[in-house]
Amino acid sequence: MKAEKTVWILGASGYSGAELCRLVSRHPHMQLARAFAFSAQNAMPLPELFPHLSMQVDIQLQQWQDEVLDEAAGVDIVFLALPHEASLELAPKFLAAGCCVVDLSAAFRLRDLNNYPTFYGFTHTHPEWLQQRSYALPHALPVPKHDKKEQAIAAIQAHQLLSMPGCYPTAASLALAPLLLNKLLDTTQTPVISAVSGVSGAGRKASLATSFCEVSLRPYGVLEHRHQCEIAQNLGLEVMFIPQLGNFKRGIVATCAARVQAGVSPAQVQAAFESAYQNNPSIRLRNQPPQADDVAHTPFCDLFIKVQGQHVVVISAIDNLLKGAASQAIEACNVKFGWPQMEALL
Ligand SMILES: NC(=O)C1=CN([C@@H]2O[C@H](COP(=O)(O)OP(=O)(O)OC[C@H]3O[C@@H](n4cnc5c(N)ncnc54)[C@H](OP(=O)(O)O)[C@@H]3O)[C@@H](O)[C@H]2O)C=CC1
Ligand SMILES: CC(=O)N[C@@H](CCC(=O)OP(=O)(O)O)C(=O)O
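As the structure is a prediction and not an experimental result, all values here were calculated from the model.

Moving on, we get to the sheet that holds strand β14 (residues 311-318). What the seven strands build is an open sheet, ordered β9-β10-β8-β11-β14-β13-β12; its pairing is mixed. Both outer strands of the open sheet, β9 (217-219) and β12 (283-286), are each paired with one neighbouring strand and no more. Going from strand to strand, the sheet's axes swing by 20° on average, the running direction of each strand aside. Seen against the sheet, helix α7 (residues 167-181) touches β8 (192-197), β10 (240-246), β11 (252-259), β12, β13 (301-308) and β14 and runs at an angle of roughly 140° to β14.

Take a look at the structure:
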């Protein structure tokens, strides 16, 4: 049977792009037509760069050249797993060619233009697309326009540009959204999110800060990380965000501490999570705090909830390269094109 959708992947020599190549290759409705790297030295069969993909992915990496854009008309889905500014420049060109663009970068995530110079160091040059994109967390979010799962799905289906959430924002938003959706949170107390990420979160290119002997457990970007405003945007309230780098390869464990309103019972909190996620095959409610390896190489978000008096702690674990990037992008496409939500992911 011929796959219905042809796919290009840009950034396929990077960590999340390579995961996308693997997932698209096993997707029954997608055909991986071309995969691009940026550097000439990466123009090789993908399994030469990532040997674990041998016999899983059969694609030759090509060096990206702008002239290739002339051949984009007729490509159904283009995944961009690129630096933010590269996505910002290329996405509108693919959109103009009629492709559905799924962008894993932050180029189209933030609604407030002013946050780009502050948190990303560049001025946004395509604000028109910020108004016409769907921020594709394929689950209910307690923010205007996304307060019902059906609306979130309709938005994904209606838009040509899907902007994928960041990795920490995925973990934190899924942890806190049910409390907000059900109006259980005491919003006079700012939630605190302390999250540890493996070093693949920083991407593949070598840097001293992420080399093996340099990393132990390092807090960074305390209260000023670029994901703080994305999490606040998702939840509709301020948060305190403390990211940390851990000496493991993949995964994020986010510990989210907040306060519920007086009189809210543990049973009400549990019921809020069960009703929010009962039909969601990518979320697992756990009886024990999840650790990073429980979700590594899986498309799941594992959540553990503990309530004591008015204190609530939700611990959320994802694989940053999958639920935080590539598998969530496939999930969004599955929702968009009406395929089973976990197609190609399990
Ligand atoms: N790592 C993660 O956990 C997550 C990453 N993301 C986002 O996904 C995107 C990719 O991240 P990640 O996979 O970690 O990155 P990597 O650093 O592993 O890979 C980056 C990719 O982009 C290519 N590239 C670099 N510069 C350019 C450019 N100027 N123009 C076109 N292509 C370029 C690289 O090609 P070459 O190798 O040939 O240089 C490589 O294929 C980023 O926007 C990131 O923020 C999102 C969620 C989680
Ligand atoms: C460990 C590490 O460096 N993590 C990255 C976040 C991961 C990422 O690539 O960010 P997006 O999810 O926004 O694309 C950081 O702190 O900037």
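As a further point, take helix α3 (residues 84-96). Between its terminal C-alpha atoms α3 stretches 19 Å, which fits the 18 Å expected from 13 residues at 1.5 Å a residue. At L90, α3 shows its maximal kink, close to 30°; a proline, P92, follows between one and four residues later. Looking one or two residues beyond α3, the residue adopting positive phi is G98, at roughly 95°.

Going through the model one piece at a time under the given rule, you end up with eleven salt bridges. Across the salt bridge formed by R250 and E19, the nearest N and O atoms sit 2.7 Å from each other. In this pair, R250 sits in the loop between β10 and β11 while E19 sits in helix α1 (residues 15-25), placing the two residues 231 residues apart along the sequence. For the pair shown, R250 and E19 are each scored as buried.

It is worth spelling out the domain arrangement of the protein chain at this point. Domain annotation for the protein chain reports domain 1 (5-164 + 325-337) and domain 2 (167-318). If you average the C-alpha positions of domain 1 and of domain 2, the two centres end up 24 Å apart. Contact with domain 1, which involves 28 residues of that partner, is made by 26 residues of domain 2. Here domain 1 is connected to domain 2 by two salt bridges. R109 is the partner of E230 in a salt bridge, and the nearest nitrogen-oxygen pair spans 3.2 Å. Summed over the shared surface of domain 1 and domain 2, the result is nine residue pairs in polar contact (both at pLDDT 80 or more). Within the residue set of the side of domain 1 that touches domain 2, elements represented by two or more residues are α1, α4 (115-120), β6 (133-135) and α11 (326-337). When the residues that make up the side of domain 1 that touches domain 2 are grouped by side-chain class, the tally is 14 nonpolar, six polar and eight charged.

Calculation rules
Residues numbered from 1 in each chain as written. Chains lettered and ligands numbered in written order. Predicted model: local features only at pLDDT ≥ 70, side-chain atom pairs only at ≥ 80, totals over all residues. Heavy atoms only, no water. Pairing = 2+ DSSP bridges. Helix = DSSP H or I, 4+ residues; strand = E, 2+ residues; numbered from the N terminus. Axes fitted to C-alpha atoms, helices over the stretch in contact; angles between N-to-C directions. Contact = heavy atoms within 4.5 Å. Expected span 1.5 Å × (residues − 1). Bend = angle between axes of the 7 residues up to and from the residue. Salt bridge = Lys/Arg side-chain N within 4 Å of Asp/Glu carboxyl O. Buried < 20%, exposed > 50% of the residue type's maximum accessible area, 1.4 Å probe, protein only. Domains from an automatic or database assignment. Polar contact = N/O pair within 3.5 Å; in protein donor to acceptor, adjacent residues only side chain to side chain. Nonpolar A, V, L, I, M, F, W, Y, C, P; charged D, E, K, R; others polar.

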